[in-house]
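Geometric and topological summary
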Amino acid sequence: MDGEISPQWRPEPEPCNALERLMHKAAADPAQHGPLMRLLWQSEIHTLIPYHPEVMGTHQMQPGQQMTFIMASDKEGPFIPAFTSDAAAEYCLRKNAPRGAAFGLAAMTGGLFLQLVNGMGHSIVFNSGMQQNLVLRPEAIAALVKGDLRHARPGSGEEVCERSTRLAGVDPSSLPESFREGVRRFCDRTPVPIAVYLFVTIDPASGQPDTRQWRIILRLRSQDNDFYNDFTLLAHKLLPPGAELATGVVTDDEHALAFLHKHAPLWPVMEAVG
């Protein structure tokens, strides 16, 4: 492809599959980041490999095998380019590929692609050159392969509550509006949560609340890894600068529930009485 030819004669292709439509939604709504990661794992992904006649056709690849990918670079450094559809690949290659470049275009599931790339130390940029793209750094790739960002398992909220003397309740109205309302909108969409509580730790030296150390306890009807996964991605995305967050889950522990009932939840919104 000729990298000097501008694709301005044609517009960017419209999203042509569920993954690309969700990428556009997730760009504006962090509540979609978890579903996006799960769909990326399942979807067909295209990537560039060195051209050789022997690469033509269908080949069996397994996680753990070595595979050579063509690299590209931007202002952030080298990365592995990948594409979420044939249309996206065609557009990006017309825009970015250097004159006379020879390469093969390989298609595989996102899960296999991520497992093959994991451990290489390179980022992946999906649809580089398009207005809507997705960048995965090496640490995010490793987390996806491990299962985090897709189906993260919750920690124990009971353990947090057992250290209740080291936690201080937080007035929800004192929280940044973007965080408070973002969490509430997310929980309004699903029947999984019963309540969400936010605390800060108490500094053992001063005895004062440490407003940088946030602790969320989710009271859920049942363990739901996808809800927990998506909630934590959302909460960290909305977290104000300088704050750190840990999250636990409570379902039926009586001691933990007794502790939580002493505090006003962040969600649902409790109307003042009197």
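Computed from a prediction, not measured in an experiment: that's the story for all the values here.

Quick word on the side chain of Ser123
As for its position among the elements, Ser123 is in strand β5 (residues 123-126). Among the polar contacts listed, one links the side chain of Ser123 to the side chain of Arg137, at a separation of 3.2 Å. With near-sequence residues (within four places) excluded, Ser123 lies in contact with Phe79, Ile80, Leu136, Arg137 and Pro138.

Thoughts on the confidence of the model for the chain
Of the residues in the chain, 86% reach a pLDDT of 70 or more, and the chain-wide mean stands at 87. β5 holds the highest mean pLDDT among the elements of the chain, 98, whereas helix α6 (residues 157-162) holds the lowest, 54. Every residue in residues 1-7 is under pLDDT 50, and counting partners more than four places away or in other chains gives 20 contacts.

Things to note about the pattern of salt bridges
Applying the stated rule across the entire model yields eight salt bridges. Note that Arg94 is salt-bridged to Glu90, the shortest N-O span being 3.6 Å. Taken together, the residues span about one helical turn, with Arg94 and Glu90 both in helix α3 (residues 86-96) at a distance of four residues. Under the relative-accessibility criterion, Arg94 is labelled partly exposed at 32%. The structure contains a network of salt bridges with shared partners spanning Arg38, Asp226 and Asp230.

Examining the nonpolar core
The biggest cluster of nonpolar side chains holds 29 residues, and the ones touching the most others in it are Phe179, Val196, Trp214, Leu218 and Phe231. The biggest single contributor to this core is helix α8 (residues 225-238), with six residues. For Leu218, the residues in contact, after removing those within four places along its chain, are Ala195, Val196, Phe227, Tyr228, Phe231, Thr247, Gly248, Val249 and Val250. Core analysis: the next-biggest nonpolar cluster, separate from the first, contains 28 residues, Met37, Trp41, Phe113 and Val117 among them.

Digging into α8
An ideal rise of 1.5 Å per residue puts 20 Å on 14 residues; α8 measures up with 20 Å between its terminal C-alpha atoms. Sitting at the amino-terminal end of α8 is Asp224, which places a side-chain oxygen 3.2 Å from the backbone nitrogen of Asp226.

Details of the pairing of strand β9 (residues 193-202)
For β9, the buried fraction is high: eight of the ten residues fall into the buried class. Relative to β9, strand β8 (residues 167-169) runs antiparallel, the two being bridged by three bridges. Paired with Leu167 across the two strands is Thr201, which belongs to β9. With nine bridges connecting them, β9 and strand β10 (residues 209-220) associate as antiparallel partners. Within β10, the position partnered with Tyr197 by the bridge is Ile217. Hairpin remark: β9 followed by β10, antiparallel, with six residues in the connecting loop; positive phi at Gly207, about 75°.

Here is what the cut-offs are and how they apply
- Residues numbered from 1 in each chain as written.
- Predicted model: local features only at pLDDT ≥ 70, side-chain atom pairs only at ≥ 80, totals over all residues.
- Heavy atoms only, no water.
- Helix = DSSP H or I, 4+ residues; strand = E, 2+ residues; numbered from the N terminus.
- Polar contact = N/O pair within 3.5 Å; in protein donor to acceptor, adjacent residues only side chain to side chain.
- Contact = heavy atoms within 4.5 Å.
- pLDDT = per-residue confidence, 0-100.
- Salt bridge = Lys/Arg side-chain N within 4 Å of Asp/Glu carboxyl O.
- Buried < 20%, exposed > 50% of the residue type's maximum accessible area, 1.4 Å probe, protein only.
- Core = buried A, V, L, I, M, F, W, Y, C linked by side-chain atoms within 4.5 Å.
- Expected span 1.5 Å × (residues − 1).
- Pairing = 2+ DSSP bridges.

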